[in-house]
Amino acid sequence: MRVFVTGASGHIASAVVPELLGAGHEVVGLARSDASAAAVNALGAEVRRGDLDDLDGLRGAAADADAVIHLAFNHDAIPAGKFAEAVAADLAVVRTFGDALAGTGKTLIGVGLTPTGDARRDAAIAANPRSAVGPVLGDVTGRGVRTVLVAIPPVTHSARDRTGFIPILIGHARATGVSGYVGDGANRWPAGHTLDVGRLYRLALEKAPAGSQLYAAAEEGITVREIAETIGRHLNVPAVSIPAERAADHFTGFPFIEMDITMPNADTRRLLGWEPVHPGLIADLDDGHYFTAG
């Protein structure tokens, strides 16, 4: 199968692309710069130059492929407070792919979570700027496209992770001298190892029914307090509770510190035969690589 991948030089793609290639699929990766192109080449994929603003180019790339895996997103817009702009641009890309693939039965895999009817959970879903993709993919499914929605865990961890939740928390702990959490720190974050997430994507491409919602979290939810305490232990700084009214100032540029959500994965495991095999988050933190990198 010929697969077009956006965000092909990024963290998640560093596991997805080798998984696909190892299973005999052809991979074409979108690259907007020479550095990105070099990274895509290093993974063994074919490079297609372009960016997410070139909708005509994306439409052509999708039409030339058997499947599209859309991983790219303007994450820089989140700390800048430009959620709406990032979401609008992402939806334009997804709609472009849907138009290109309509009526073909080809595959489009996007990132996001669909509402469940649980008010607390749905509030957390709504706070994620990528969740808006779900309804759009639902519309695309009805137009003859095999769509799959993958919920990537907010903590996707490994030695490849340089900009995710864990490096951000470590950066705050180093800058402030304390490893913080809000209130009692009982809010939970799902977690998954990068390589386990990569394998899930390959299985999703090969097995998932149209309209599937998949959860790529190996661990359904770990309390932020446990994460903060582990970080504090490694940095030799205290783990402390930050009052909610001070959270925005303490965790500057990181609006997700109070997010509380779980990702039950039993259905995904059964559907795909997916069994995570790599270390869990606390074991990965205890490995030490997060505290020596950079």
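Everything here concerns the structure above.
A brief look at the structure comes next.

Parameters at a glance
Residues numbered from 1 in each chain as written. Predicted model: local features only at pLDDT ≥ 70, side-chain atom pairs only at ≥ 80, totals over all residues. Heavy atoms only, no water. Phe/Tyr/Trp six-rings, centres within 6.5 Å; stacked < 30°, edge-to-face > 60°. Helix = DSSP H or I, 4+ residues; strand = E, 2+ residues; numbered from the N terminus. Buried < 20%, exposed > 50% of the residue type's maximum accessible area, 1.4 Å probe, protein only. Axes fitted to C-alpha atoms, helices over the stretch in contact; angles between N-to-C directions. Parallel < 35°, antiparallel > 145°, perpendicular 65-115°, else oblique. Left-handed = near helix turned anticlockwise from the far one by under 90°. Contact = heavy atoms within 4.5 Å. Nonpolar A, V, L, I, M, F, W, Y, C, P; charged D, E, K, R; others polar. Arc of directions from axis to C-beta. Core = buried A, V, L, I, M, F, W, Y, C linked by side-chain atoms within 4.5 Å. Pairing = 2+ DSSP bridges.

Quick notes on the packing of aromatic side chains
Scanning the entire structure with this criterion turns up six aromatic pairs. On the numbers, 4.9 Å between centres and 90° between planes, the contact of Phe165 with Phe254 is edge-to-face. Linking Phe165 in helix H7 (residues 165–176) with Phe254 in the loop between helix H10 (247–250) and helix H11 (266–272), this pair joins segments that are 89 residues apart in sequence. Of the residues examined, Phe165 reaches a relative accessible area of 12% and is grouped as buried. Residue class for Phe254 comes out buried when judged on its relative accessible area of 5%. When the ring of Trp189 is compared with that of Phe254, the centres are 6.1 Å apart and the planes differ by 80°; the resulting orientation is edge-to-face. With Trp189 in strand E9 (residues 188–193) and Phe254 in the loop between H10 and H11, this residue pair connects regions lying 65 residues apart in the sequence. Here a set of aromatic residues connected by ring pairs shows up, and it is made of Phe165, Trp189, Phe254 and Phe256.

Some details on the packing of helix H1 (residues 13–22) against helix H8 (residues 194–207)
Close contact between H1 and H8 brings their axes to 8 Å; oriented N to C, the two are set at 45°. Classed by the angle they form, the pair H1 and H8 counts as oblique. H1 and H8 meet at a crossing whose hand is right-handed. Contacts between H1 and H8 pair Ser14, Ala15, Val16, Glu19 and Leu20 from the former with Thr194, Leu195, Gly198, Arg199, Tyr201, Arg202 and Leu205 from the latter. Of the residues belonging to the contact of H1 with H8, the class tally is six nonpolar, three polar and three charged.

Some details on helix H2 (residues 34–43)
What H2 keeps buried is the set Ser36, Ala37 and Val40. Taken down its axis, H2 places every buried residue within 100° of arc, on the same side. H2 presents Asp34, Ala35 and Ala42 as exposed residues on the side facing more than 90 degrees away from its buried surface. The inward-facing, buried residues of H2 abut strand E2 (26–31) and strand E3 (46–49). A positive phi of about 100° marks Gly44, the residue just after H2.

Some thoughts on the nonpolar core
The biggest cluster of nonpolar side chains holds 35 residues, and the ones touching the most others in it are Trp189 and Ile257. Once residues lying within four places of it in the same chain are set aside, the contact partners of Ile257 are Leu169, Val182, Asn187, Trp189, Val224, Ala247 and Phe251. Within the second largest apolar cluster, 32 residues are counted, among which are Ala67, Val111, Val148 and Ala204.

Remarks on the environment of His234
Locating His234 in the fold gives a position in helix H9 (residues 224–235). The class of His234 is partly exposed, set by a relative accessible area of 30%.

Examining the sheet that holds strand E11 (residues 219–223)
With mixed pairing, the three strands of this open sheet are ordered in space as E7-E9-E11. Among the strands making up the open sheet, the edge pair consists of strand E7 (155–157) and E11. Direction aside, neighbouring strands of the sheet carry axes that sit 40° apart on average. Sheet topology note: the E7/E9 ladder contains three bridges and is parallel. The residue of E9 that forms the bridge with His157 is His193.

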